[in-house]
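# An overview of the molecular structure
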Amino acid sequence: MPLVRIDLSNDSPETLGTAIGELIYQAMRDTINVPADDKFQIVTRHAAGELVRPASYLGIEYSAGLVMIQVTLNHGRSIDLKKAFYRRVADDLHGQLGIRREDVFINLVEVAKENWSFGNGEMQYA
Amino acid sequence: MPLVRIDLSNDSPETLGTAIGELIYQAMRDTINVPADDKFQIVTRHAAGELVRPASYLGIEYSAGLVMIQVTLNHGRSIDLKKAFYRRVADDLHGQLGIRREDVFINLVEVAKENWSFGNGEMQYA
Amino acid sequence: MPLVRIDLSNDSPETLGTAIGELIYQAMRDTINVPADDKFQIVTRHAAGELVRPASYLGIEYSAGLVMIQVTLNHGRSIDLKKAFYRRVADDLHGQLGIRREDVFINLVEVAKENWSFGNGEMQYA
């Protein structure tokens, strides 16, 4: 059920968005109990000026390689699970794709389980 | 007050996004008590790889024609109303636009009624 | 922590999105207690038909210059603070950028403070 929006720069390789998405999906599977094949993602690439970032915030310095990840998912993950998810995504985007750990921005939006229809006009979760 | 984001493929006809939007609006009017003329929608078309989907999930098989619909609206619709909305959108996108029922993905994000300004810098609902 | 999505027309000047973003950031600083340098924004420009609007709603008439602003931020701002934010954004977009006050559409999505990672794989707020 997570719907993942990934916004990144036009200057990044064309396949980077989906590579990031694959790692996010694996992180969700392993850290926050997302079912297999529950992989719905929207990648949007933007011109340089359209991803606005501060030079730094909370001591973190950002570059033009900033990746903004917004995940809509069901309520109910604990703080510890969320922490594990953030850590894992930053680790993997850095380790496997060379993205700076500072440039991994994640936001979660939580919704009720009846707020999804995965096709066929049905409410699959409630 | 719903803000509707419709994400679909670049390969679809240029007018498909707004045709989908019109049917979603009619479905909202008829099933979940959305006022007349409350029609605010953002259509975004994406290159093939940028709408990521599984081959199948929960027994539903997806195609490149997948349409992802994310609706931000006020809290308070019952499960039955949401079910009616999902059904109606899938029925109409299929019946009137030929979209596969499996390819209609819907997510709702609920907010408080004071979370909207429809223009003029006013908070119209609270 | 606000993540601000700004959707506007392709027909507007290329720099308008970031100019709007700067004013939104200043309004957040001054009206809803957003920390300095907490400025993360995603601007997306759309073809004419892709920003769907009614001719009018609640007595407000819209033009092709409609700007749709969706802000994800932490729970907890009062109704009065939100009102002040709406007013300020409409005032400044009008006064400094010549945007019609009617064309300033704002929606807030509220989340828990543990729903953010600002980089480094950390949960900075919880």
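Rules of the game
Residues numbered from 1 in each chain as written. Chains lettered and ligands numbered in written order. Predicted model: local features only at pLDDT ≥ 70, side-chain atom pairs only at ≥ 80, totals over all residues. Helix = DSSP H or I, 4+ residues; strand = E, 2+ residues; numbered from the N terminus. Buried ≥ 20, exposed ≤ 12 C-beta atoms within 10 Å, placed from the backbone. Contact = placed C-beta atoms within 7 Å. Pairing = 2+ DSSP bridges. Axes fitted to C-alpha atoms, helices over the stretch in contact; angles between N-to-C directions. Nonpolar A, V, L, I, M, F, W, Y, C, P; charged D, E, K, R; others polar. Core = buried A, V, L, I, M, F, W, Y, C linked by C-beta atoms within 7 Å. Expected span 1.5 Å × (residues − 1). Least-squares fit on C-alpha atoms with pLDDT ≥ 70 in both.

### A word on the overall build of chain A
When you go through chain A residue by residue, the secondary structure sums to two helices and eight strands. The linear arrangement of helices and strands in chain A, starting from the amino end, is β-α-β-β-β-β-β-α-β-β. The C-alpha extent of chain A, read off along each of the three principal axes, is 45 × 30 × 25 Å. Taken across its 126 residues, chain A has 48% of its residues classed as buried. Considering only intrachain contacts with a sequence separation of at least 6, the fraction spanning at least 24 residues in chain A is 72%.

### A closer look at the sheet that holds strand β8 (residues 116–117) of chain C
Strands sit in the order β3(B)-β2(A)-β1(A)-β6(A)-β7(A)-β8(C) across an open sheet of six strands; the sheet is mixed. Only two strands of the sheet have a single neighbouring strand rather than two, namely β3 (51–52) of chain B together with β8 of chain C. As defined by bridge partners, strand β1 (residues 3–9) of chain A adjoins strand β2 (residues 40–46) of chain A across seven bridges and the pair is classed as parallel. Each bridged residue has a counterpart across the sheet, and for Ile6(A) the counterpart in β2(A) is Val43(A). Strands in contact with helix α1 (residues 16–31) of chain A are β1, β2 and β6 (67–74) of chain A together with β3 of chain B; relative to β1(A), the strand with the most contacts, it is inclined by about 140 degrees. The strands that helix α2 (residues 79–97) of chain A touches are β6 and β7 (104–111) of chain A together with β8 of chain C; relative to β7(A), the one it contacts most, it runs at about 145 degrees.

### Details of the interface of chain A and chain B
In this complex, chain A contributes 27 residues to the contact, which on the side of chain B involves 33 residues. At the level of secondary structure, the elements contributing two or more residues to the side of chain A that touches chain B comprise α1, β2, β7 and β8 (116–117) of chain A. Sorting elements by how many residues they give to the side of chain A that touches chain B places β2(A) first, with five residues. For the side of chain A that touches chain B, the class distribution of residues is ten nonpolar, twelve polar and five charged. Relative to strand β7 (residues 104–111) of chain B, β8(A) runs antiparallel, the two being bridged by two bridges. Paired with Ser117(A) across the two strands is Ile106(B), which belongs to β7(B).

### What to know about the nonpolar core
In terms of nonpolar packing, the biggest core is built from 120 residues, with Val67(A), Val67(B) and Val67(C) touching the most fellow members. The contacts of Val67(A), once residues within four sequence positions are left out, are Ile6(A), Leu8(A), Ile20(A), Leu93(A), Ile99(A), Asp103(A), Val104(A) and Phe105(A).

### Description of the environment of Ala90(B)
Position of Ala90(B) among the secondary structure elements: in helix α2 (residues 79–97). Classification of Ala90(B) by C-beta neighbours within 10 Å gives buried; the count is 24. Linking Ala90(B) and Ala27(B), residues 63 residues apart in sequence, is a C-alpha distance of 9.8 Å. Setting aside its immediate chain neighbours within four residues, Ala90(B) contacts Asn120(A), Gly121(A), Arg101(B) and Val104(B).

### What about helix α1 (residues 16–31) of chain B?
For α1(B), built from 16 residues, the straight-helix expectation of 22 Å at 1.5 Å per residue is met to within 8% by its first-to-last C-alpha distance of 22 Å. By the burial criterion, the buried members of α1(B) are Leu16(B), Gly17(B), Ile20(B), Gly21(B), Ile24(B), Tyr25(B), Ala27(B) and Met28(B). Those residues of α1(B) that are buried are in contact with β1 (3–9), β2 (40–46), β6 (67–74) and α2 of chain B together with β3 (51–52) of chain C. Trailing α1(B) by a residue or two, Asn33(B) shows a phi angle of about 60 degrees, which is positive.

### Things to note about the relation of the copies chain A and chain B
For the pair chain A and chain B, the relating rotation is 120 degrees, the translation along its axis is 0.0 Å, and the fit reaches an RMSD of 0.0 Å. When the rotation and shift are considered jointly, the pair of chain copies conforms to a three-fold rotation axis. Identified as the residue of chain A closest to the rotation axis by C-alpha distance is Val109(A), at 4.7 Å. A different interface surface on each copy is seen, since only 7% of the contact residues of chain A are contact residues in chain B too.

### Things to note about the sheet that holds strand β1 (residues 3–9) of chain C
As summarised here, the arrangement of the six strands in space is β3(A)-β2(C)-β1(C)-β6(C)-β7(C)-β8(B), forming an open sheet in which the pairing is mixed. Among the strands making up the open sheet, the edge pair consists of β3 (51–52) of chain A together with β8 (116–117) of chain B. Packing against the sheet, helix α1 (residues 16–31) of chain C makes contact with β3 of chain A together with β1, β2 (40–46) and β6 (67–74) of chain C, and its axis sits at approximately 140 degrees to β1(C). Sitting on the sheet, helix α2 (residues 79–97) of chain C is in contact with β8 of chain B together with β6 and β7 (104–111) of chain C, with an inclination near 145 degrees to β7(C).

### Considerations on the interface of chain B and chain C
Each side of the interface is counted separately: chain B has 27 residues, and chain C has 33 residues. Put simply, the parts of the chain that give the side of chain B that touches chain C at least two residues each are α1, β2, β7 and β8 of chain B. The element best represented in the side of chain B that touches chain C is β2(B), accounting for five residues.

### Considering the relation of the copies chain B and chain C
Placing chain B over chain C gives an RMSD of 0.0 Å and needs a rotation angle of 120 degrees, together with 0.0 Å of translation along the axis. Different-surface contact between copies: only 7% of interface residues of chain B are shared with the interface of chain C.

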